[in-house]
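What follows is the residue order along each chain.
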Amino acid sequence: MLGGRGRDRSTDNDIAISWAGRTLTYAELDAAVEQWPHLPVHDARSHGALSHDASALDLPDALICVFAAARQGCAVRVEDPASRPERAEQPSPDAFLLVATSGSTGRPKPLARTAASWVDSFPEFTDITGLRPTDTVLITGPLHATMHLFAAVHALWLGACVTDDPAQATAVHAVPAVLRDVLRRMPHARVAVAAGAGLDDAAAQTISIQNTSTQNISDQNLSAQPIRLVEYYGSAELSLVAARVVAERSPLRLLRNVEARTEDGYLFVRSPYAAIGARGWFGVGDLAELNGSELLVHGRGDAAINVGGTTVIAEDVENILTALDGVRAAAAIGTPHAVLGETVSAVIELDGTRDLELVRADARAIMAKEALPRRWTVVQQLPRTASGKIARGALQ
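Residues numbered from 1 in each chain as written. Predicted model: local features only at pLDDT ≥ 70, side-chain atom pairs only at ≥ 80, totals over all residues. Heavy atoms only, no water.

Draft legend 1. Local environment of the overall build of the chain. Within the chain, the secondary structure is distributed over 11 helices and 22 strands. Counting the 396 residues in the chain, one finds 51% classified as buried. Of all intrachain contacts in the chain linking residues separated by at least 6 positions in sequence, the fraction that spans at least 24 positions is 57%. Within the structure as shown, the chain displays about 18100 Å² of accessible surface, and the carbon and sulfur contribution to it stands at 48%. (Helix = DSSP H or I, 4+ residues; strand = E, 2+ residues; numbered from the N terminus. Buried < 20%, exposed > 50% of the residue type's maximum accessible area, 1.4 Å probe, protein only. Contact = heavy atoms within 4.5 Å. Areas by Shrake-Rupley, 256 points an atom, 1.4 Å probe, with all protein chains shown as cover.)

Draft legend 2. Region of the structure containing the environment of Ser 51. By the element assignment, Ser 51 lies in the loop between α2 (41-46) and β3 (52-53). What makes Ser 51 buried here is its relative accessible area of 16%. Expressed as a C-alpha distance, the spacing of Ser 51 and Arg 77, which sit 26 residues apart in the sequence, is 6.9 Å.

Draft legend 3. The arrangement of the side chain of Thr 129 in detail. Its location among the elements puts Thr 129 in helix α5 (residues 122-129). Taking the relative accessible area as the measure of exposure, Thr 129 reaches 0% and is therefore buried. Only 3.3 Å separates the side chain of Thr 129 from the backbone oxygen of Thr 126, close enough to count as a polar contact. Looking at Thr 129, its side chain comes within polar contact range of the main-chain nitrogen of Leu 131, at 3.3 Å. Ignoring anything within four residues of it in the chain, the contact list for Thr 129 reads Val 191, Val 193, Arg 228 and Val 230. (Polar contact = N/O pair within 3.5 Å; in protein donor to acceptor, adjacent residues only side chain to side chain.)

Draft legend 4. Representation of the nonpolar core within the structure. The biggest cluster of nonpolar side chains holds 70 residues, and the ones touching the most others in it are Leu 149 and Leu 156. Counting 22 residues, the second-largest nonpolar core is a separate cluster that includes Val 307, Leu 324, Ala 330 and Leu 372. (Core = buried A, V, L, I, M, F, W, Y, C linked by side-chain atoms within 4.5 Å.)

Draft legend 5. Representation of the pattern of salt bridges in the model. One pass over the full model with this rule turns up 17 salt bridges. For the salt bridge of Asp 61 with Arg 22, the shortest nitrogen-to-oxygen distance reads 3.1 Å. Of the two residues, Asp 61 is situated in helix α3 (residues 59-72) and Arg 22 in strand β2 (residues 22-25); the sequence distance between them amounts to 39 residues. With a closest N to O distance of 2.9 Å, Glu 263 and Arg 261 form a salt bridge. Judged by relative accessible area, Glu 263 falls into the partly exposed class, the value being 35%. The partly exposed category is assigned to Arg 261, whose relative accessible area is 33%. Via salt bridges that share partners, Asp 53, Arg 77, Glu 79, Arg 84 and Arg 87 belong to a single interconnected network. (Salt bridge = Lys/Arg side-chain N within 4 Å of Asp/Glu carboxyl O.)

Draft legend 6. The arrangement of the sheet that holds β3 in detail. The strand order across the open sheet built from four strands is β3-β4-β5-β6, with neighbouring strands paired in mixed fashion. Only two strands of the sheet have a single neighbouring strand rather than two, namely β3 and β6 (110-113). The pairing of strand β4 (residues 76-77) with strand β5 (residues 97-100) spans two bridges and is parallel. Within β5, the residue paired with Val 76 across the bridge is Leu 97. (Pairing = 2+ DSSP bridges.)

Given below as structure tokens:
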């Protein structure tokens, strides 16, 4: 599992992890994994109450612990130490990762998944993203947010380097809001993977501007390359479901071994990459449209706002607002209304270049009346989950 895609003994001295001033080569990482303490024999076999726990460790030690658990055939917990989900039952005997949902709409829920539920998707994910063993992959959030744990484990499976330094990174996994900011600090960026929320126009435009600048540099015969922007749709329960290369203007497409259907507009997925307990046809409450293997995701159903019989998708409103000049980030929620049922309220972060009245005027000029926020609130910082997604439960 460690460095499993084409890495051999001649590359043991390549850097596996470069984090907060600490550096581990693949040889050192392998030795640290081998030396990690074992669980009691009876627990390792029965998957009893005990398990490895990487939750409170810094990233290098947490990843050592995760790979040690895989090597020992044990389960490992990677949860938010400040908000651990309650686990009423013992994990399944084949459980490897004990993780949780992000908690964007409420308290995190416990999940367990096998090693195969991630590793089996790695080859196709590698092909889609174009990530290479020579890449240095920036991790932009804590490992208890599963998209970051997936990114780090995939990078080490591939034989790449995991880092916290944007200046050295050639690839990054992030939610769109984080991606917009961090790419400006990545002079060597080659691949950007967006996930955790729908890709908004502002994030795509950031990469488009950088690629235009790159083209100008290339025209001067200097070393440069465009950024490959990849978006994928998935969830903590389902892992990878669909992906696309944005520059190809293609829609999200289901992964080869993933099936999907819709019922009353809600998406249900059957996937070999799902967590234990999410096998069979499973939905996370997202609204979507299917056309063969092509997938269009409208957002979380519980984030749909019913305005006088018109369904307004919160993510659609947020994408429009975030693209307005002067808006750094935005969230949309429903507010009860005696006549219309609900109206849209906006909670936004301004970047300091324009005031709220100008932003509201721009919104009125382009938005349908049902989607136009009736109430506006400016905050210094929106509440977010560990992965960077908007914490709607906190907003409500």
